[in-house]
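# Analysis of the macromolecular model
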Amino acid sequence: MASTSTSAPVAHNAVPPPSVSSASRSSRVAPHSHTKGLGLTSEGLANVDGAGFIGQTNAREACGVIVDLIKSRKFSGRALLLVGAPGTGKTALALAVSHELGSKVPFCPMVGSEVYSTEVKKTEVLAEAFRRAIGLRIKETKEVYEGEVTELTPTESENPLSGYGKTVSHVIIGLKTVKGTKQLRLDPSIYEAILKEKIVVGDVVYIEQQSGAVKVGFSFVAQLPVLNKAQRVGRSDAYASSYDLESETYVPLPKGEVHKRKELVQDVTLGDLDSANARPQGGQDIMSVMGSLVKSSRTEVTDKLRREVNKIVKGYVDQGVAEVVPGVVFIDEVHMLDIECFTYLNALLESPMAPTVILATNRGNSLVRGTIDIVSPHGIPVDLLDRCMIVKTESYTREQVGKVVNLRAIVEGLKLGPGVLETLAAEGERTSLRYTLQLLTPASISATLKGRSQIEQEDISEMGELFLDAKTSAGLIENAEDGKFL
């Protein structure tokens, strides 16, 4: 039966009307937002639908054993290799392993083809990825000054660089809390932060003191404590008026003393330390500024620099100031690496500070890149393959495809009409899981343009006509006369 609506059909490229709740912002949904872990029981068995993971029971249980090996520090010198067809959950497994190791564990994903760059050597790209996957948890005690500003006086002096004008030599700031007051003489660099935060007398401020005890880098120079961070908390409630609506945020006078000590934990990676020290800080003259503009965006880190950083990190660990947190390096499409990268990968695996390495590929027997006649399983040399614990992923059944589609619809906030889930499950079994998931959002847009709040089967059929799956596209090319053009 035809629709009773007399309005003209909306074009596919029409902009949908704004939602009623346009004031609220929706968060970005990533492809694996629903994956929270491996979904295993305490005995190491896989739940049917645990932690947002559907299917892949054997692979999840195998990865659970790997997680136990990693936690017991008995997985060094080895790697986990995930093999299986495209769209069978290899990336989700790697992400789930990272979740099982902890929320603060660094996860560094990359694709094998990322190593081919005109700016940096292939082995350097691999080394950078490994360094970014090694975390460093620094426990720092910071000196903090907090209170209401009672005095703010910048003191000027003659500029030593020129005979004209004056410069700020120091700043006098008075702070008050419930327990007392204190006057501070601050470095002139703090004055820029004060101006940026628009701090005036009567504001409640929070100032951090950098002691230099824990500093990113290895160039440590003994220096006096410098107050280098000022933050405006709000206006003191002593200045609050009786108006119902105010443009200011009024906060109470801070309790305790003006000077406090706070224990802070900072998470960085060895890659962050390498990058911070690989870029030398130039001067303020015009030649230094121009040089920083024209130099390459990527800076290659030398082995000498890494050894210096490792030496400093080891000193921190021995002092109990920092803790090394090995993360996870995930190299997808690992068959895209060449023989030089595979050889270097062997050396990185034997490093005493190596993170957990997870490789993934969808290739069978293939030629190892960079060679002429070496054919190896998964395109990986046998010597590296011998170091890997191999886990295979299986193709999804129709029932499992339906569960994944239903889960993604819930995560993305989409409503499915009667029979839609069964249609998508059958389509996923015929084509692929990825293609089926890709139809969800376009179908929801089609339903919205037609004034419906849920996806119907006609929306799925319409999107199936607009967007081809890989098998259909390949069939069209095969049926073409020359096989080159459609």
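Details of the structure are given in the entry above.
Residues numbered from 1 in each chain as written. Predicted model: local features only at pLDDT ≥ 70, side-chain atom pairs only at ≥ 80, totals over all residues. Heavy atoms only, no water.

Turning our attention to the packing of helix α1 (residues 57-71) against helix α2 (residues 90-101). Between two packed helices, what matters for the description is the angle formed by their axes and the separation of those axes. At a minimum axis distance of 10 Å, the contact between α1 and α2 shows a crossing angle of 40°. Looking at the two axes, α1 sits oblique to α2. The way α1 lies across α2 gives a crossing that is right-handed. Residues A59, R60, C63, V67, I70 and K71 of α1 lie in contact with α2, whose contacting residues are L93, V97, E100 and L101. Split by residue class, the contact of α1 with α2 holds seven nonpolar, no polar and three charged. (Axes fitted to C-alpha atoms, helices over the stretch in contact; angles between N-to-C directions. Helix = DSSP H or I, 4+ residues; strand = E, 2+ residues; numbered from the N terminus. Parallel < 35°, antiparallel > 145°, perpendicular 65-115°, else oblique. Left-handed = near helix turned anticlockwise from the far one by under 90°. Contact = heavy atoms within 4.5 Å. Nonpolar A, V, L, I, M, F, W, Y, C, P; charged D, E, K, R; others polar.)

This next bit is on α1. In this model, α1 (15 residues) spans 21 Å end to end at C-alpha, consistent with the 21 Å of a helix rising 1.5 Å per residue. What α1 keeps buried is the set A59, R60, C63, G64, I66, V67 and I70. Down the axis of α1, the buried set is contained in an arc of 165°. They therefore lie on one face. Turned more than 90 degrees from where α1 packs its buried face, N58 and D68 sit exposed. Residues of α1 that are buried in the fold lie against β1 (49-50), β2 (53-54), β3 (79-83), α2, β14 (356-361) and β17 (388-392). One or two residues past the end of α1 sits R73, with phi positive at roughly 60°. (Expected span 1.5 Å × (residues − 1). Buried < 20%, exposed > 50% of the residue type's maximum accessible area, 1.4 Å probe, protein only. Arc of directions from axis to C-beta.)

Further remarks concern the sheet that holds strand β4 (residues 107-111). On the basis of which strands lie adjacent, the open sheet formed by five strands has the order β4-β13-β14-β3-β17 and parallel pairing. A strand with exactly one partner marks an edge of an open sheet, and here the two such strands are β4 and β17. On average, each strand axis in the sheet is tilted by 20° relative to the strand beside it, whichever way the strands run. Where β3 and β14 come together, five bridges link them in parallel fashion. Each residue of the ladder has a partner; that of A79, found in β14, is V357. Strands β3, β14 and β17 of the sheet are contacted by α1, whose axis makes an angle of about 155° with β17. Strand contacts of helix α3 (residues 122-132): β4, β13 (328-332) and β14, with the helix running at about 160° to β4, the strand carrying the most contacts. (Pairing = 2+ DSSP bridges.)

Two elements in contact, helix α12 (residues 433-449) and helix α13 (residues 457-466), have axes whose closest approach is 9 Å; the angle formed by their N-to-C orientations is 115°. Pair α12 / α13 crosses with right-handed handedness. Within the contact between the two elements, α12 uses Y435, L439, P442, A443, S446 and A447 and α13 uses D459, I460, E462, M463 and G464. Across the contact of α12 with α13, the residue classes break down as seven nonpolar, two polar and two charged.

Here the phi dihedral of E333 falls at roughly 50°; this positive angle occurs in a residue that is not glycine. When you line up the elements, E333 lands in the loop between β13 and α8 (339-349). With a phi angle near 65°, H378 is a residue other than glycine that sits in the positive phi range. Within the fold, H378 resides in the loop between β16 (375-377) and α9 (382-385).

We now examine the environment of V67. Mapping V67 onto the fold places it in helix α1. Between the C-alpha atoms of V67 and L38, which are 29 residues apart in sequence, the distance is 9.9 Å. V67 has contacts with L38, V97, E100 and L101, leaving out every residue within four places of it along the chain.

Right, let's talk about the environment of E43 for a bit. Following the sequence through the fold, E43 ends up in the segment before β1. We classify E43 as exposed; its relative accessible area is 61%. It is 9.9 Å that separates the C-alpha atoms of E43 and E61, two residues lying 18 residues apart in sequence. There is a polar contact of 3.3 Å between the side chain of E43 and the side chain of S42. (Polar contact = N/O pair within 3.5 Å; in protein donor to acceptor, adjacent residues only side chain to side chain.)

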